[in-house]
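Next come the chains, spelled out residue by residue.
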Amino acid sequence: TEQIVLASRPKGLPVSDDFRMMQVELPVIKPGEILLKGLYYSVDPYMRGRMNDAKSYAPPFEIDKPIYGGVIGKVMESLSEHFRPGDMVVGNFPWQKDFIATEKEARKIDTSLAPPSYYLGVLGMTGLTAYFGLIHIGKPKAGETVVVSGAAGAVGIVVGQIAKIQGCYVVGIAGSDEKVKLLKSEFGFDEAINYKTTPDMNKAIAAACPKGVDIYFDNVGGEISDAVIKNINFHARIPLCGQISLYNTTETPMGPRLQPMLLTRSVLMQGFIVGDFKDRFPEGIKHLAQWVKEGKLKGTETIEHGFQNLPKALLGLFKGDNTGKMIVEA
Ligand code: NDP
């Protein structure tokens with residue numbers, strides 16, 4: 001079978017040569033194991049961090065070893081009493097077309113509730129990130145103003161929709177006119193701003209948020225966040241979810257120092273990793289699935305076709321190629 005490995009550690013923005021396709025032999029499956037065929041593969045911004053040789057909450061990928069990530073697989077053979085051929089599962093698996101997993105590594109998914117790929121997005125890791133970051137850290141109240149950056153991405157598009165369900169006024173920041181239009185017409189955002197064509201973001205946010213910003217769900221960091229924080233309200237909350245604008249920088253860029261504003265406005269800023277809420281995942285899944293069922297929450301995705309296009313899809317995240325969850329269908 002084929003796998004994709006990390007060929008070299010990128011400096012700055014990764015390139016396709018940092019990955020390599022390899023042929024490997026599959027061992028025979030042992031008791032308690034299942035043989036899986038990969039159907040849908042998730043690409044995520046955090047993978048960029050794992051390509052570095054740096055200690056973080058997830059260990060670095062190893063050179064010449066496969067990249068790992070969220071994968072939906074179909075059981076082809078089973079030596080486990082918990083799985084039958086044909087079952088669909090999700091887990092953290094290698095970028096490999098066919099692979100063997102232990103029964104503990106795979107979780108069955110309910111495909112009668114939603115299409116399989118939703119378990120990588122709105123009903124998976126990114127949906128849970130949106131739910132816990134907004135509900136448990138942002139603590140939205142009806143009538144409050146929520147600003148979300150990276151608004152048309154997997155996490156952001158769910159944050160905006162959940163904020164609407166909570167009765168908030170929602171403003172999204174995204175990187176194209178098409179995305180801005182879609183956020184307002186399809187996903188219920190009250191306002192949206194294209195950061196790539198807006199010369200004065202501070203002014204644009206002030207205009208879009210006449211009552212100031214009560215919650216800033218930050219997916220991107222950098223200058224966009226500087227501009228939002230200039231409009232932050234007294235007792236605002238800032239769930240610090242991602243800093244994608246900084247993931248490919250080789251030096252930390254300096255910006256305005258906004259801490260005095262956070263201080264005088266009694267703002268709460270809290271970083272988090274979705275895994276912090278592991279014990280409460282069933283609560284998150286229950287709410288997300290319910291909203292999807294009721295038609296209040298749309299799971300949207302950009303699907304790239306072909307296993308060999310995994311690296312291209314991952315690099316596409318840093319160019320804004322996706323609307324909603326970026327997924328590769330093998
Ligand atoms: P997305 O689907 O949002 O994909 C990334 C998007 O980021 C792109 O579509 C692009 O959209 C935008 N982007 C890329 N480069 C920049 C830049 N320099 N400045 C501003 N925007 C940029 O990914 P996810 O939804 O999976 O992740 C969103 C954020 O949340 C990431 O920072 C990620 O690391 C973080 N995250 C954190 C988790 C946690 O546990 N804390 C879990 C999951 C994700 P555009 O066209 O708008 O530029």
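Anything mentioned here points back to the structure above.
These figures come from a predicted structure and were not determined experimentally.

I'm lost on the packing of helix α2 (residues 125-138) against helix α8 (residues 281-293) in this one. Help?
The description of two helices packed together rests on the angle between their axes and the distance between the axes. In the contact formed by α2 and α8, the axes pass within 10 Å of each other and the chain directions differ by 100°. The angle between the axes of α2 and α8 places the two elements in the roughly perpendicular class. Of the residues in α8, those touching α2 at G127, L128, Y131 and F132 are F281, G284, H287 and L288. Here the residues of the contact of α2 with α8 are counted per class, giving five nonpolar, three polar and no charged.

It is not clear to me how the packing of helix α5 (residues 201-208) against helix α6 (residues 222-229) should be interpreted in this structure. Could you clarify?
The interhelical angle for the contact between α5 and α6, taken along N-to-C directions, is 45°, at an axis separation of 8 Å. Compared by their axis directions, α5 and α6 come out oblique. Note on packing geometry: the crossing formed by α5 with α6 is right-handed. Here M201, N202 and I205 of α5 lie close against α6, whose contacting residues are I224, A227 and V228. Looking at side-chain class alone, the contact of α5 with α6 contains five nonpolar, one polar and no charged residues.

Can you walk me through the site of the ligand in this structure?
Lining the immediate environment of the ligand, one finds 31 residues, of which G153, A154, G175, G242 and G320 sit closest. Contributing elements (two or more residues each) for the shell around the ligand: α2 and α3 (154-165). Of all the elements, α3 adds the most residues to the shell around the ligand, at three residues. Split by residue class, the shell around the ligand holds 16 nonpolar, 13 polar and two charged.

I would appreciate a short explanation of the pairing of strand β9 (residues 169-174) in the present structure.
The two faces of the sheet receive side chains in turn, since in a regular strand these alternate between them. Of all six residues in β9, six are buried, a share of seventy percent or more. Burial along β9 is two-sided: the residues Y169, V171 and I173 and V170, G172 and A174 are all buried. Where strand β8 (residues 145-149) and β9 come together, five bridges link them in parallel fashion. Residue pairing across strands places V147 opposite V171, the latter belonging to β9.

In this structure, what is going on with the sheet that holds strand β12 (residues 232-240)? I would like to understand it.
Hydrogen bonds between backbone atoms are what pair the strands of a sheet, whose relative direction is either parallel or antiparallel. What the six strands build is an open sheet, ordered β10-β9-β8-β11-β12-β13; its pairing is parallel. Edge positions in the sheet fall to β10 (191-194) and β13 (268-271), since each of these pairs with one other strand and no more. The mean angle between the axes of side-by-side strands here comes to 15°, regardless of whether they run parallel or antiparallel. The pairing of β9 with β10 spans four bridges and is parallel. Directly across from A174, in β10, lies its bridge partner N194. Contacts from α6 reach β8, β9, β11 (213-217) and β12, with the element oriented near 170° to β8.

Conventions adopted
- Residues numbered from 1 in each chain as written.
- Predicted model: local features only at pLDDT ≥ 70, side-chain atom pairs only at ≥ 80, totals over all residues.
- Axes fitted to C-alpha atoms, helices over the stretch in contact; angles between N-to-C directions.
- Helix = DSSP H or I, 4+ residues; strand = E, 2+ residues; numbered from the N terminus.
- Parallel < 35°, antiparallel > 145°, perpendicular 65-115°, else oblique.
- Contact = placed C-beta atoms within 7 Å.
- Nonpolar A, V, L, I, M, F, W, Y, C, P; charged D, E, K, R; others polar.
- Left-handed = near helix turned anticlockwise from the far one by under 90°.
- Near = placed C-beta within 6 Å.
- Buried ≥ 20, exposed ≤ 12 C-beta atoms within 10 Å, placed from the backbone.
- Pairing = 2+ DSSP bridges.

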